[in-house]
Amino acid sequence: MIKNYFLSLLLFFGLFPLIVIAQDSNTLEIQQADLLQGATGFERLINNVRMKHQNSLIYCDSAHFFRAENRAKLFGNVRIVDTQDPVTTNSRYAEYDGNTKIAKLRNNVVFKNEETTLYTDFLDYNRATGVANYFNDGKVVDSTNVLTSTNGEYETRIEKITFTDNVVLVNPDYTLKTNFMIYMTVPKTAETVGLTNIVSKDGDKLNAQKGSFYDTERKIFRFYDGDVETATSKVFAEVLYYDENQKYYEGRIDVSVYNKEREIEIFGEEGKYWEDRKYSIVYGNALVQKYFEQDTMFMIADTLISQDSENDEERHLLAFRNVKMIKSDFYGKSDSLAYIYSDSTIHMYHDPVLWNDKSQITADSVRFLIANEEIDRVYLNRNAFNISKDTLGNFNQMKGRKMTGYFTEGQISRFHIEGNGESIYFDVIEDSTLRGMNKMLCANIMMYFEEGNIKKINWLVKPEGEFNPPHLIKEEDKLLEGFQWREEEKPSMEIIYSWRTPKKREEFPEDFFEQPDVTIQRPSDEELQNLIDEKIKSASEMKKLERPDLPLERSNVED
């Protein structure tokens, strides 16, 4: 009692600091307290407590100081301030170890490092390494982002925070969810590992299956095995880059760009897309799939360029080098191609070839029209040539300066030759007997087809020619000048998919935003056993009530 009274007087008159003997720099020191009380194994410091350890000042309402162990328990309004770096901490309770330099802070913890503030109820801070670990939920706030997670590690010296489990990053533009993130507080960049889902303020979805990088200040993203989905488009790539300020996408490895409004999807090895311009370029074994209600048009090329626009006349798709296409029974090949959306017309340039059923069509340039999702008409300009093979292996041919083909339900129904028309027609009876060959010259010819075979020919303007029976037909007369049968060049789906097979992606991949906020925990084995025991006991009691033959307990009241 006398000892406590003496120490209180020293503290009251400010004399206690003067008697503190110079100690080792690692020693935890008492600098101030309104009241000091001795206790078994520790000293109690009460009201306006201030302690010091090296370059840190420690404040609290009261403390238990274990002098021999060089540690203290701190109670109420705990505050630790470092005089040489900007880190400050606040909490309702803490334990500080002067030997390990570890502060264990609990309840309403606020850990502040310049512009970055961490809030949690459980934090261990190692002053020796500058590393703070929190668990059982924490929140980090800076000038741009709010980040939360179940666990986290803050390396203050390198401005790095590692978030794990139920990680959420929120800023005015985006909300990000993942299970592992490394966040650099100075450039404000976030790097994730594994599944990552982001939703923009406009509802756009940005996803990565194998991690991502997000510069929250410059609004630049990089996704690994990622996709970006907006109201009008969806972009996939193994590595996907997005610059929001520039409205620019760049994808590498297994790229696909899907236009929801046009029902068209473009695949390739690399791709670029300018959102404001609605302009994209995809190259490296590129593939187009244009989806119709009844079927799909496939097209491959080295490079594809797509231009979308509010103006119908400006919308187009360009394909360059090694172009091949298939739509139902319609096949095509050329060096380059242009698809004009406004009138659903496809232009083919540089050695174009078309195949439909039994016919082969060539010209210097080819233009065909799609109407009601079917090939409706084909226009051949300069050196137009149509060849069809009959059941006996003969080639029916017609050529001219200009030619127009008409289709019904995707099949050739008639061809009209205009200018310098020539034709060779083999007259076959019942697909088995050759009757003869008709070779004609006529400026204007109309040829009609049925099931791919020539049904009728009309020579409209001053025809000249001859009909020869089989024994008078010469081999050199069987082919028109310029004849070239190119069936081996005809595309197939095997060729299309050997050029590029689109990567299969999950239709409904896992998404953190689709998971409920509340999870129902599975009961432990002990809890399950208790439930079973209660059920058995309840059932046993019910059986006793249902059996009247069981003896009832004797009443305490005699009859």
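Residues numbered from 1 in each chain as written. Predicted model: local features only at pLDDT ≥ 70, side-chain atom pairs only at ≥ 80, totals over all residues. Heavy atoms only, no water.

Draft legend 1. Focus on the overall build of the chain. On a plain count of helices and strands, the chain comes out with four helices and 36 strands. Overall, the chain is about 140 × 90 × 35 Å in size when its C-alpha atoms are taken along their principal axes. Across the 559 residues of the chain, 45% fall into the buried class. Here the analysis covers contacts within the chain between residues at least 6 apart in sequence; of these, 40% occur between residues at least 24 apart. Accessible area for the chain stands at about 30,200 Å²; split by element, carbon and sulfur atoms hold 49% of it. Placing the 68 positive and 94 negative side-chain charges of the chain at their respective mean positions leaves the two points 3 Å apart. (Helix = DSSP H or I, 4+ residues; strand = E, 2+ residues; numbered from the N terminus. Buried < 20%, exposed > 50% of the residue type's maximum accessible area, 1.4 Å probe, protein only. Contact = heavy atoms within 4.5 Å. Areas by Shrake-Rupley, 256 points an atom, 1.4 Å probe, with all protein chains shown as cover. Lys, Arg positive; Asp, Glu negative; His and termini not counted. Charge placed at Lys NZ, Arg CZ, Asp CG, Glu CD.)

Draft legend 2. Looking closely at the side chain of His53. Inspection of the secondary structure puts His53 in strand S3 (residues 42–53). Assessed through its relative accessible area of 0%, His53 is described here as buried. Within the structure, His53 has its side chain in polar contact with the backbone oxygen of Asn26 (distance 2.9 Å). Residues in contact with His53, not counting those within four places in the same chain, are Asn26, Thr27, Leu28, Tyr96, Gly98, Lys101 and Arg127. (Polar contact = N/O pair within 3.5 Å; in protein donor to acceptor, adjacent residues only side chain to side chain.)

Draft legend 3. The arrangement of the side chain of Asn468 in detail. Topologically, Asn468 is positioned in strand S36 (residues 464–468). Here Glu466 takes part through its side chain, which lies 3.5 Å from a polar atom of the side chain of Asn468. Discounting chain neighbours no more than four positions away, the residues touching Asn468 are Gly436, Met437 and Ile473.

Draft legend 4. Here's a closer look at the pairing of strand S4 (residues 56–66). Among the eleven residues that make up S4, eight are buried, leaving the element largely enclosed by the rest of the structure. In the sheet, S3 pairs with S4 via nine bridges, with the strands oriented antiparallel. Note that in S4 the partner of Ile46 across the bridge is Ser62. A loop of two residues connects S3 with S4, the two strands running antiparallel in sequence, and Gln54 in this loop sits at a positive phi of about 55°. Once S4 ends, the chain turns through four residues before running back antiparallel as strand S5 (residues 71–82), passing Asn70 with a positive phi of about 60°. (Pairing = 2+ DSSP bridges.)

Draft legend 5. Focus on the nonpolar core. Counting residues in each nonpolar core, the largest one holds 54 residues, and the members touching the most others are Leu45, Met51, Leu74, Phe163 and Met181. Residues contacting Phe163, with those up to four places away along its chain left out, are Tyr134, Val140, Leu147, Ser149, Asn151, Gly152, Asn179, Phe180, Met181 and Tyr183. Core analysis: the next-biggest nonpolar cluster, separate from the first, contains 43 residues, Tyr341, Ile375, Leu380 and Met403 among them. (Core = buried A, V, L, I, M, F, W, Y, C linked by side-chain atoms within 4.5 Å.)

Draft legend 6. A look at the pattern of salt bridges. Enumeration according to the criterion identifies 27 salt bridges in this entry. Here Asp254 ties to Arg500 by a salt bridge, and the two come within 3.2 Å at their closest N and O atoms. With Asp254 in strand S21 (residues 248–259) and Arg500 in the loop between helix H3 (493–499) and helix H4 (525–546), the pair connects residues that are 246 residues apart, well separated along the chain. On the basis of relative accessible area, Asp254 is assigned to the partly exposed category, the value being 22%. (Salt bridge = Lys/Arg side-chain N within 4 Å of Asp/Glu carboxyl O.)

Draft legend 7. Just a negative patch on the surface, in detail. Judged by side-chain charge, Asp329, Asp357, Glu450 and Glu451 come together as a negatively charged surface patch. By the secondary structure assignment, Asp357 is in the loop between strand S28 (353–356) and strand S29 (359–362). Residue class for Asp357 comes out partly exposed when judged on its relative accessible area of 33%. (Patch = residues over 30% accessible without salt bridge, like charges linked within 9 Å, V, L, I, M, F, W, Y side chains within 5 Å.)

Draft legend 8. Representation of unusual backbone geometry within the structure. One non-glycine residue, Asp254, lies in the positive phi region at around 50°. A positive phi angle, close to 55°, is found at Asn420, a residue other than glycine. Turning to its location among the elements, Asn420 is positioned in strand S33 (residues 411–429).

Draft legend 9. Geometry of the confidence of the model for the chain. In this model, the chain carries an average pLDDT of 86, and 91% of its residues clear a pLDDT of 70 or more. Across residues 1–24, confidence stays below pLDDT 50; counting only partners more than four residues off in sequence or on other chains, it has 20 contacts. Segment residues 550–559 is flagged for pLDDT under 50; beyond a separation of four residues in sequence, or across chains, it makes one contact in the model. (pLDDT = per-residue confidence, 0-100.)

Draft legend 10. The arrangement of the pairing of strand S12 (residues 151–155) in detail. Relative to S12, strand S9 (residues 131–134) is paired through four bridges, and the arrangement is antiparallel. Each bridged residue has a counterpart across the sheet, and for Tyr134 the counterpart in S12 is Gly152. Relative to strand S13 (residues 160–170), S12 is paired through five bridges, and the arrangement is antiparallel. In the strand pairing of S13, Asn151 is matched with Thr164. A loop of four residues connects S12 with S13, the two strands running antiparallel in sequence, and Glu159 in this loop sits at a positive phi of about 55°.

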